[in-house]
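# Structural description and commentary
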Amino acid sequence: MTIKDQPTIPLNDQDTPPHMVQPVPPKTAKQSRMQAIANSAAFAFAMIEQGGSSLYSTLALQVTDVEVLRIVLSIGGTEVDHFGVWQDTAANAVEPPLAGLKDPETGTLFPNLKAQHHDTTRPNNIFPRPCEFINKDLPDCSIVRPTLSQDGGAMAAVKFLTGTGLFKGQSSAFFAAATQLAQAADAAVRGL
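Note that the structure is predicted; figures quoted are calculated from it, not measured.

## Topic: the overall build of the chain
For the chain, the count of helices and strands is five helices and four strands. In terms of overall dimensions, the chain has a C-alpha envelope of 60 × 45 × 25 Å along the principal axes. Looking at the chain as a whole, 30% of its 192 residues are labelled buried. Of all intrachain contacts in the chain linking residues separated by at least 6 positions in sequence, the fraction that spans at least 24 positions is 61%. Counting every atom, the chain has about 12,000 Å² of accessible surface; 60% of that belongs to carbon and sulfur.

## Here we look at the environment of Ile37
With respect to the helices and strands, Ile37 occurs in helix H1 (residues 29–60). When the C-alpha positions of Ile37 and Pro7 are compared, they lie 5.8 Å apart, and in sequence the two are 30 residues distant.

## Topic: the packing of helix H4 (residues 154–163) against helix H5 (residues 172–187)
The N-to-C vectors of H4 and H5 enclose an angle of 150°; their axes lie 7 Å apart at closest approach. Put simply, H4 runs roughly antiparallel to H5. Residue-level inspection shows Ala154, Met155, Val158 and Thr162 of H4 in contact with H5, the latter providing Phe175, Ala178, Thr179, Ala182, Gln183, Ala185 and Asp186. For the contact of H4 with H5, a count of residues per class yields seven nonpolar, three polar and one charged.

## What about the packing of H1 against helix H2 (residues 66–91)?
A pair of packed helices is characterised by two quantities: the angle between their axes and the separation of those axes. Packing of H1 against H2 brings their axes to within 8 Å, and their N-to-C directions diverge by 155°. Here H2 runs roughly antiparallel to H1, going by the angle between their axes. Every pair of crossing elements has a handedness; the one defined by H1 and H2 is left-handed.

## So, unusual backbone geometry
Look at the link from Val24 to Pro25: it is a cis peptide, with omega at 0°. Following the sequence through the fold, Pro25 ends up in the segment before H1. In this chain, Pro96 is followed by Pro97 through a cis amide linkage whose omega measures 10°. When you line up the elements, Pro97 lands in the loop between H2 and strand S1 (101–102). Although it is not a glycine, Asp5 sits at a positive phi angle of roughly 55°. Summarising the element assignment, Asp5 is placed in the segment before H1. The exposure class of Asp5 is exposed, given its relative accessible area of 65%. In this model, His19 sits at a positive phi of 70°, which is unusual for a non-glycine residue. Considering the arrangement of structural elements, one finds His19 in the segment before H1. Residue classification places His19 among the exposed residues on the basis of a relative accessible area of 82%.

Thresholds, definitions, all that
Residues numbered from 1 in each chain as written. Predicted model: local features only at pLDDT ≥ 70, side-chain atom pairs only at ≥ 80, totals over all residues. Heavy atoms only, no water. Helix = DSSP H or I, 4+ residues; strand = E, 2+ residues; numbered from the N terminus. Buried < 20%, exposed > 50% of the residue type's maximum accessible area, 1.4 Å probe, protein only. Contact = heavy atoms within 4.5 Å. Areas by Shrake-Rupley, 256 points an atom, 1.4 Å probe, with all protein chains shown as cover. Axes fitted to C-alpha atoms, helices over the stretch in contact; angles between N-to-C directions. Parallel < 35°, antiparallel > 145°, perpendicular 65-115°, else oblique. Nonpolar A, V, L, I, M, F, W, Y, C, P; charged D, E, K, R; others polar. Left-handed = near helix turned anticlockwise from the far one by under 90°.

Okay, structure coming up:
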């Protein structure tokens, strides 16, 4: 499924009127709009936490201070946990009774992935799946995310999040600072 140009927070009180009853499944267009915004937020959080699980694993291989290593490893574990929780929460948006929900303003559809009967699109697929890991000579292994800088490092995170439109409207100074910090993080070398 593709989520594009779909808000993840209410844009105004017309989008999500205060004190509106929100039954599951929604019954009115306004209730569908509110649910679609909530569904999009759940997917966005899972996406961000997924990237964080790569970023902190990658950074852990580069830090030079033991105290910083402890911090980075602690945050990384939290990111992995948050990813599983948000992935499971997002799955609720594509299972009955919410499956098939369509945002009446953007047309974004949250299909019933469970009805597709594919293991790879099973909504409650929150655990890593066996896949090729590092090289073809090793057996398949369950991993969460890549740990090479070019795939999961700070610049990869900045490029990905920028590409999603998350930073839309930020100044050029913001992008310059984010890029400079990310490049410095990726350039760090662990001293032994």
